[in-house]
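Working through the structure, step by step
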Amino acid sequence: CWQTPRLVTKAIVLWDLPARRKTAALTGHTNTVMDLSFSGDSALLASASEDRSIRVFDRGAAALLRILPEQEAPCRGLDFAPDGRVLAATCGPAVHLWRADTGEALRPLDRPPGEQGRVELAPGGRLVGAAGADARVSLWDLATGQTTWGLSCPGAKGGEALAFSPDGQLIASG
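Residues numbered from 1 in each chain as written. Predicted model: local features only at pLDDT ≥ 70, side-chain atom pairs only at ≥ 80, totals over all residues. Heavy atoms only, no water.

Things to note about the state of the cysteines
- Using the criterion set out here, one finds one disulfide in the structure.
- Shown here is the disulfide that connects Cys75 with Cys91, its sulfur atoms set 2.3 Å apart. Classification of the bridge connecting Cys75 and Cys91 rests on its S-S torsion, roughly 100 degrees, and on that basis the disulfide is right-handed. Here the residue Cys75 occupies a position in strand E7 (residues 75-80), and Cys91 occupies one in strand E8 (residues 86-91), the gap between them amounting to 16 residues.
- Owing to a relative accessible area of 0%, Cys91 belongs among the buried residues under this scheme. (Disulfide = S-S within 2.5 Å. Helix = DSSP H or I, 4+ residues; strand = E, 2+ residues; numbered from the N terminus. Buried < 20%, exposed > 50% of the residue type's maximum accessible area, 1.4 Å probe, protein only.)

The structure is reproduced here in structure tokens:
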């Protein structure tokens, strides 16, 4: 994609699949981009980076809308709620929530133990899950911010993958 390999990790490239062409390059991160997430209507694209920032772009205009406040640790996981109203991110041991339309911070979640990796918002908008580096999955109630359940997979490497089923009745981690 790029002549300089160093830029590959810091830039975001948007591709038009039917036309098979690059439509935009979104820049601004100063370290590796770790995760990307589109809002449900594809109007917004959010990026999480090891530079401890989360950026929200207007996908249609290919323009930066906002940079969320710098986090205490690198950001590794990112997800929009299916309805597009909430954005969740994992940065170090913390899981953060914001209003997607304004960037306003929402209710803090109870801190799980250890470094967090992947984050997912469940269909229906009631739960958020995060996979930790210690192979522990934590689940929170979005309305209260309280931990509802913690799952552990002893001996497994964690924090890399997490998914809710479309009906929200199953969760998979790896």
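This is not the end of the story, as more comes after the structure.
Examining the sheet that holds strand E13 (residues 147-152)
- Here four strands make up an open sheet; going across it, the order is E10-E11-E12-E13 and the pairing antiparallel. Both edges of this open sheet fall to strand E10 (116-121) and E13, since each of them pairs with a single strand only. On average, adjacent strands in this sheet sit at an angle of 15 degrees to one another, irrespective of strand direction.
- Pairing geometry for strand E11 (residues 127-132) and strand E12 (residues 136-141), over five bridges, is antiparallel. Residue pairing across strands places Gly129 opposite Leu139, the latter belonging to E12. (Pairing = 2+ DSSP bridges. Axes fitted to C-alpha atoms, helices over the stretch in contact; angles between N-to-C directions.)

Concerning the pairing of E11
- Among the six residues of E11, six are classified as buried, and the element is accordingly described as predominantly covered.
- Burial along E11 is two-sided: Leu127, Gly129 and Ala131 and Val128, Ala130 and Gly132, pointing in opposite directions, are all buried.
- As defined by bridge partners, E10 adjoins E11 across four bridges and the pair is classed as antiparallel. From the neighbouring strand, Leu121 faces E11, where its bridge partner is Val128.
- Between E10 and E11, which pair antiparallel in sequence order, lie five residues; one of them, Gly124, sits at a positive phi of approximately 95 degrees.
- With antiparallel pairing between neighbouring strands as the criterion, E11 and E12 make up a hairpin whose turn holds three residues, including Ala135 at a positive phi of roughly 70 degrees.

Quick look at unusual backbone geometry
- Non-glycine residue Arg20 carries a positive phi angle of around 55 degrees.
- One can find Arg20 in the loop between strand E1 (12-16) and strand E2 (21-26).
- Given the relative accessible area of 76%, Arg20 is considered exposed.
- Even without being glycine, Ser42 reaches a positive phi, approximately 65 degrees.
- Looking at where Ser42 falls in the secondary structure, it is placed in the loop between strand E3 (33-38) and strand E4 (44-49).

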